[in-house]
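Take a look at the letters that make up each chain.
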Amino acid sequence: MQPIPIRTDSVMTSAIPRLETDRLILREISIADWPEYRSMLMSERAIHMDGPYSLAGAWGMFCADTAQWSLFGVGALMIDEKSTGLCVGQVGINHGPLFPEHELGWLLYQDAEGRGIATEAAIAMRAWAFGVRKLTTLVSYIAPDNHGSIGLAIRLGAVLDHDAQRPDPEDLVFRHQAP
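Residues numbered from 1 in each chain as written. Predicted model: local features only at pLDDT ≥ 70, side-chain atom pairs only at ≥ 80, totals over all residues. Heavy atoms only, no water.

So, the packing of aromatic side chains
Counted by the stated rule, this structure contains 6 aromatic pairs. The interplanar angle of 25 degrees and the centroid separation of 5.6 Å between the aromatic rings of W59 and F62 together place this pair among those described as stacked. Of this pair, W59 and F62 both sit in helix α2 (residues 55-72), separated by 3 residues, roughly a single helical turn. Since its relative accessible area comes to 38%, W59 is described here as partly exposed. (Phe/Tyr/Trp six-rings, centres within 6.5 Å; stacked < 30°, edge-to-face > 60°. Helix = DSSP H or I, 4+ residues; strand = E, 2+ residues; numbered from the N terminus. Buried < 20%, exposed > 50% of the residue type's maximum accessible area, 1.4 Å probe, protein only.)

As structure tokens, then:
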């Protein structure tokens, strides 16, 4: 894979936000999140994210999700359910040398699927990216056989962009435009 140039003029460091919806708290990653995150990335559930990962690969992803905040002013937030206090997944804006554009991404732990959690979290993260960070577009890079994420991108109103650059030539690119 060829390196993707980083536009340093668009880099803006900022405080890591804490976002809330009716049912969710989107919060900064902590080391307490590592065991469940590691288990998910080392399992078959990570197949649509180039996984499953080795322990070192999962750790690298965890660290990259955290480091993007200080490097690019975007990154990942963990998703906690307000009613239970349980962490049920992650949502974030990815940027950096592996991403041609700012990417809205999400992952849920197995027991959280089918309850609208990813939709709610992605809407909140996207609103923050457009409203606070003033981004004008986001993309979601999705493996063609990841039907759940494709459905979510469509529910979010994203449109397939056949001409967009992509980190993996097989990925579908769904474009989210700022309101």
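What follows picks up the thread again.
Some thoughts on empty space enclosed by the protein
If you walk through the whole model with that rule in mind, you get 1 cavity of 30 Å³ or more. Each pocket or cavity is described by its volume, and for the largest cavity that value is around 30 Å³. Lining the largest cavity, in full, are I16, E28, I29, D65, T66, W69 and A76. The element best represented in the lining of the largest cavity is α2, accounting for 3 residues. Split by residue class, the lining of the largest cavity holds 4 nonpolar, 1 polar and 2 charged. (1 Å grid on protein atoms, 1.4 Å probe; cavity = no way out; pocket = protein on both sides within 12 Å on 5 of 7 lines; lining within 4 Å. Points joined across faces, edges and corners; volume = space filled by probe spheres on them. Nonpolar A, V, L, I, M, F, W, Y, C, P; charged D, E, K, R; others polar.)

Some points on the environment of V74
Tracing the backbone through its elements, the reader meets V74 in the loop between α2 and β3 (76-81). Here V74 falls in the buried class, since its relative accessible area comes to 0%. Separated by 93 residues in the primary sequence, V74 and P167 place their C-alpha atoms 18 Å from one another. The contacts of V74, once residues within four sequence positions are left out, are Q68, W69, I93, H95, H102, W128 and R133. (Contact = heavy atoms within 4.5 Å.)

A short note on the pairing of strand β5 (residues 99-108)
Judged by how many residues are buried, β5 sits mostly within the fold: 10 of 10 residues are covered. Between strand β4 (residues 87-96) and the antiparallel strand that follows it, β5, lie 2 residues. (Pairing = 2+ DSSP bridges.)

Comments concerning the packing of helix α1 (residues 34-41) against α2
Taken N-terminus to C-terminus, the directions of α1 and α2 make an angle of 125 degrees; their axes are 9 Å apart at the nearest point. Overall, the two elements α1 and α2 adopt an arrangement that is oblique. Where α1 crosses over α2, the handedness of that crossing is right-handed. Packed against α1, whose contacting residues are W34, Y37, R38 and L41, the element α2 presents L55, A58, W59, M61, F62 and D65 at the interface. When its residues are assigned to classes, the contact of α1 with α2 shows 8 nonpolar, no polar and 2 charged. (Axes fitted to C-alpha atoms, helices over the stretch in contact; angles between N-to-C directions. Parallel < 35°, antiparallel > 145°, perpendicular 65-115°, else oblique. Left-handed = near helix turned anticlockwise from the far one by under 90°.)

So, unusual backbone geometry
The step from G51 to P52 runs through a cis peptide bond, and the omega angle for that step is 0 degrees. Positionally, P52 belongs in the loop between α1 and α2. Phi at D50 takes a positive value of approximately 65 degrees, unusual for a residue other than glycine. Using a relative accessible area of 62% as the deciding quantity, one classes D50 as exposed.

Regarding helix α4 (residues 147-155)
Considered for burial, the residues of α4 that qualify are S149, I150, G151, L152 and A153. Contacts made by the buried residues of α4 are with β5, α3 (117-131), β6 (137-142) and β8 (172-177). Count one or two residues on from α4 and you reach G157, which has phi positive near 90 degrees.

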